[in-house]
Amino acid sequence: MYPKLYIDFTIQSQLPFALKCTRATIGYAFNASRRLVQFAANKLRVGFDGLIIEPAATNLFNTSKNLTTWTKTGTATIVSATSIDSTFASIGITGYSASATVTFEKSVSGSGLHTLSFYATNVNNNVIRTVSFGGTTTSIKNGYNEIVGNNPTSVLITITTNSFSSTSFIDKIDAVQVEAGSSATSHIVTTGSTVTRN
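Below is a short write-up of the structure. (Residues numbered from 1 in each chain as written. Predicted model: local features only at pLDDT ≥ 70, side-chain atom pairs only at ≥ 80, totals over all residues. Heavy atoms only, no water.)

## What to know about the overall build of the protein chain
Summing up its helical and strand segments, the protein chain has zero helices and 16 strands in all. Taking all 198 residues of the protein chain together, the buried fraction comes to 41%. Partitioning the intrachain contacts of the protein chain with sequence separation of at least 6 by distance along the chain shows that 67% fall at a separation of at least 24. Accessible surface, the protein chain: about 10500 Å² in total, of which carbon and sulfur atoms supply 52%. (Helix = DSSP H or I, 4+ residues; strand = E, 2+ residues; numbered from the N terminus. Buried < 20%, exposed > 50% of the residue type's maximum accessible area, 1.4 Å probe, protein only. Contact = heavy atoms within 4.5 Å. Areas by Shrake-Rupley, 256 points an atom, 1.4 Å probe, with all protein chains shown as cover.)

Spelled out as structure tokens, the structure:
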């Protein structure tokens, strides 16, 4: 029988010195304050829910924190906003008209099953939001969203306002990721091209 190692992260803030990992690229994890923290290559990642051990993955969505690159239809204004993790710059949506529909769409290509993941904030009852991805359409919830689709060609977000309009209410869509497979891995930040975490 192999020996076992138990680590209680609720009482132990430092990892045992004998634990090592191999990862050729930087990685990210959300800490206890829900801030997205960067870890150098070959450094173990401990997030708010423990040690992160996962396979390599590629974020095919090349602007994970920037809505200005999406194609917009309808009346709405894209503005600078503090990101969900309060660490990276982000983009928000405001300036909705009452009883109107606004869409944001960005192309992404994948063959077979792929998973879309992102964070959303300020979801409220006066605005209906859906996301369509690879043949799946579902409501956007406040917080973390994960959707599995097949042969995706784009990510489409539809926002419908009832009697609600605002020039100050800011909707945030942040940390967008599209990766092969039927489940999401930790976020990979992209700023203009796809990025692989090895």
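## Things to note about the side chain of His-187
Topologically, His-187 is positioned in the loop between β15 (171–180) and β16 (195–197). There is a polar contact of 3.3 Å between the side chain of His-187 and the side chain of Gln-177. Once you skip the residues sitting within four places of it in the chain, His-187 turns out to touch Tyr-28, Leu-36, Asn-59, Ser-64, Ala-175, Val-176 and Gln-177. (Polar contact = N/O pair within 3.5 Å; in protein donor to acceptor, adjacent residues only side chain to side chain.)

## Some remarks on the sheet that holds strand β11 (residues 127–133)
If you walk across this open sheet you meet the five strands as β6-β9-β14-β11-β12, and the pairing is antiparallel. Of all the strands in the sheet, the pair left with one neighbour each is β6 (71–73) and β12 (136–139). Within this sheet the neighbouring strands show an average axis-to-axis angle of 15 degrees, counted without direction. (Pairing = 2+ DSSP bridges. Axes fitted to C-alpha atoms, helices over the stretch in contact; angles between N-to-C directions.)

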